[in-house]
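# Structural characterization, general
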Amino acid sequence: MKKTILIILALLLVICGGLVLSISMSPTKKLNEVKIAASKKPVILIVVDSLMTEPLQEALKEGKAPAFSFLTKNGDFYPEFISSYPTMSVTIDSTLLTGTYADRHKLPGLIWFKKDENRMISYGSGIREMWDNGIKHVAADSVIHLNESHLSKDVFTIHEELANAKMQSASINGLLYRGSIPQKLNVPKLLSFADLLPKELEVNGPMILSLGALSQYNPENDKYKYSWKRMGVNNDFTVNEMTYLIEQKKLPPFTLAYLPDADASIHKNGPTDSTAIEKADQAIQEMFGSFGSWEEAIQEVTWIVLGDSGQSSVKEKKEMGLIDLNDLLKGYTFWERGKENVQLAIAINERMAYIYLQDEQIPFTEVVDILKKDERIGFIAWSDQQTNHVVSASDKEFTFSPNGPYIDEYKQSWQLDGDMSILDIKPDEHGTILYHTYPDALARLHGALHSQEGKVIIVDAKPSYEFIEKHSHDHAGGGAHGSLHRVDSVVPLVIVGETERPPSNRLVDVKEWVIELLGGS
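Since the structure is predicted, the reported quantities are computational estimates derived from the model, not experimental observations.

Let us look at the overall build of the protein. In terms of helices and strands, the protein carries 19 helices and 24 strands. Dimensions along the principal axes, computed over C-alpha positions, put the protein at roughly 70 × 60 × 45 Å. Counting the 521 residues in the protein, one finds 58% classified as buried. Counted over contacts in the protein with a minimum sequence separation of 6, partners at least 24 positions apart contribute 71%. Taken as a whole, the protein presents about 22100 Å² of accessible surface, with 52% of it coming from carbon and sulfur.

Moving on, we come to the sheet that holds strand S13 (residues 344-349). With antiparallel pairing, the seven strands of this open sheet are ordered in space as S13-S14-S21-S15-S16-S17-S18. Each edge of the open sheet is held by one strand with a lone partner, namely S13 and strand S18 (413-418). Within the sheet, the average angular offset between the axes of one strand and its neighbour, ignoring direction, is 25°. Bridge analysis of strand S15 (residues 377-383) against strand S21 (residues 456-461) gives five bridges, and the strand direction is antiparallel. Of the residues in S21, the one forming a bridge with Phe-379 is Asp-460.

Bringing unusual backbone geometry into the picture now. Residue Pro-86 is reached from Tyr-85 by a cis peptide bond, and omega for that bond is -5°. Positionally, Pro-86 belongs in the loop between strand S2 (76-82) and helix H4 (89-98). In this structure, Lys-249 is a non-glycine residue whose phi angle is positive, near 55°. Assignment of secondary structure puts Lys-249 in the loop between helix H10 (235-247) and strand S9 (254-259). Accessibility expressed as a relative area gives 73% for Lys-249, which makes it exposed. One non-glycine residue, Lys-411, adopts positive backbone phi at about 65°.

This next bit is on empty space enclosed by the protein. Counted by the stated rule, this structure contains three cavities of 30 Å³ or more. Of the voids in this model, the largest cavity is the one considered here, and its volume is about 50 Å³. Looking at the largest cavity, the residues that line it are Val-48, Ser-50, Leu-51, Met-52, Pro-55, Ala-262, Ile-266, Pro-271, Asp-273, Ala-276, Ile-277 and Ala-280. Going through the elements one at a time, helix H11 (261-269) and helix H12 (274-288) are the ones with two or more residues in the lining of the largest cavity.

By the alternation rule, side chains of strand S7 (residues 200-205) split into Leu-201, Val-203 and Gly-205, which are all buried, and Glu-200, Glu-202 and Asn-204, of which none is buried. As judged from the six bridges shared by strand S6 (residues 181-186) and S7, these two strands associate in the antiparallel manner. Among the inter-strand pairings, Gln-183 is bridged to a residue of S7, identified as Val-203.

Mapped onto the elements, Asn-173 comes out in the loop between strand S5 (169-172) and S6. What makes Asn-173 buried here is its relative accessible area of 4%. There is a polar contact of 3.1 Å between the side chain of Asn-173 and the backbone nitrogen of Gly-212. Those residues in contact with Asn-173 that sit more than four places away from it in its chain are Ser-210, Leu-211, Gly-212, Gly-232, Val-233, Asn-234, Phe-237, Thr-238 and Tyr-258.

Among the six residues in S21, six count as buried, and that is most of the element. Of the two faces of S21, the one holding Val-456, Ile-458 and Asp-460 and the one holding Ile-457, Val-459 and Ala-461 are both buried throughout. Examined bridge by bridge, strand S14 (residues 352-357) and S21 share five bridges and lie antiparallel to one another. Bridge pairing in S21 places Ile-355 opposite Ile-457.

It is worth spelling out the sheet that holds strand S8 (residues 208-210) at this point. Ordered in space as S2-S24-S10-S1-S9-S5-S8, the seven strands form an open sheet in which the pairing is mixed. The two strands at the open ends of the sheet, each matched to only one other strand, are S2 and S8. For this sheet, the mean inter-axis angle between neighbouring strands, taken without regard to orientation, is 15°. Bridge count for S2 against strand S24 (residues 490-496) is five bridges, and the pairing is antiparallel.

Let us look at H4. Summarising burial for H4: nine of the 10 residues are buried, a large majority. All buried positions along H4 are accounted for by Val-90, Thr-91, Ile-92, Asp-93, Ser-94, Thr-95, Leu-96, Leu-97 and Thr-98. Following H4 by one or two positions, Gly-99 adopts a phi angle in the positive range, close to 70°.

The subject of this paragraph is the packing of H10 against H12. Running from N to C, H10 and H12 point in directions that differ by 15°, and their axes come no closer than 9 Å. Taken together, the axis directions place H10 and H12 in an arrangement best described as roughly parallel. Considering how the two elements wind past one another, H10 and H12 form a crossing that is right-handed. Taken together, the residues of H12 that come into contact with H10 (itself represented by Asn-235, Val-239, Met-242, Thr-243 and Ile-246) are Lys-279, Ala-280, Ala-283, Glu-286 and Met-287.

Calculation notes
- Residues numbered from 1 in each chain as written.
- Predicted model: local features only at pLDDT ≥ 70, side-chain atom pairs only at ≥ 80, totals over all residues.
- Heavy atoms only, no water.
- Helix = DSSP H or I, 4+ residues; strand = E, 2+ residues; numbered from the N terminus.
- Buried < 20%, exposed > 50% of the residue type's maximum accessible area, 1.4 Å probe, protein only.
- Contact = heavy atoms within 4.5 Å.
- Areas by Shrake-Rupley, 256 points an atom, 1.4 Å probe, with all protein chains shown as cover.
- Pairing = 2+ DSSP bridges.
- Axes fitted to C-alpha atoms, helices over the stretch in contact; angles between N-to-C directions.
- 1 Å grid on protein atoms, 1.4 Å probe; cavity = no way out; pocket = protein on both sides within 12 Å on 5 of 7 lines; lining within 4 Å.
- Points joined across faces, edges and corners; volume = space filled by probe spheres on them.
- Polar contact = N/O pair within 3.5 Å; in protein donor to acceptor, adjacent residues only side chain to side chain.
- Parallel < 35°, antiparallel > 145°, perpendicular 65-115°, else oblique.
- Left-handed = near helix turned anticlockwise from the far one by under 90°.

The values reported here are purely geometric and, on their own, carry no functional implication.
Have a look at this one:
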């Protein structure tokens, strides 16, 4: 009997192993069939997910980041670059690629509610959220719709603009990749068999598009794209694709490469996790190793390395650190898949959340008055289309809108009224509006408030707190981002190999700066 059970278990393990492998396997693209025009000095822009300034400086001081140390000694280090809002990867990536905030690129967050389809959009977060929104929906939204329809057609990505200027580009492991070149994604057979994705999938991308198991060039990268390695969306896969491009002399004028591993590590262990920086440093070392020497690497290529967002520690005790919006708004009915005629829908983006008034007869102030009783919330904001409103738990009120007599430090003009201290905004002796706790607060918050249709309230948490709802994953005892606060919003940027410096300390200005570096404008 025991032997029979062992045989059955062994067979089940073989079957499960075969299924797992079949999820991961897909054909390799032939790089030798891609013709790349020679360029004088290519630009490689590396985005390190959740790279933060203070832990990086600590790692440099302790000698734990030799590649970053080499870059900072041979280039320029900017410790306070300002991210997009909400500080979630897809919104940040959209800003980086298009040079616009969310009011123009229309990617509100990692999770948001699409009013015309009456459903929640998720690009992949916690298992419960993905299950609740439908695995098939999540797969299609993140692989197809994110680039093909959700990212506004009214803005152009850096890949599209470079293509218009007859310049080639590459995207390595970036979820946002829209370009002008038709590209085939190789969907693993089991995913198409399970009807999660179509058998054949054509998208528009840059000249070289690498995206884990869906699009791979290096034939030796198979071992890094198994399902337990996030289907290739990991540092090792990115590094192997990059070194292959360099060694095969297939670097286009511009390459955008993502190192995603630090994010999960910091979510689990908190913002002081130094191993995340050490692993990112090792990845950059391996890319440098594809050249004759590190010195040769910075002579031949312009390197830009930046973070996308910071993270705040979240209190370990869940009853203290987690703001449960279902509980806070328990007098209302909430959207769930299959439910009709509900009053509210909630989209959690970790330390910020969108609350949608599905019943448009509910006034903003009715919900806001409940929310502002919780002192863990930094501010609450909404828009009546003409004016943006901001309130706090202390009953302070503030309104703002574009195009007014007040000019901020980024030459943006605003109409302001009320208590500006809610967003810690202060004019200097010349009357210029300066930002402190919430960097570039007005433009970033305006962008999020006008990123989607319907009656929407934004709630933004103070440091150490995170929002949850019935289906959301939390990071109690670890780290989380999403908020407008500087702890989530300020990231480092290092550039080596160029004399033209960024026009400002904002990610929204990086796209046009890079295009100028390449001589494309």
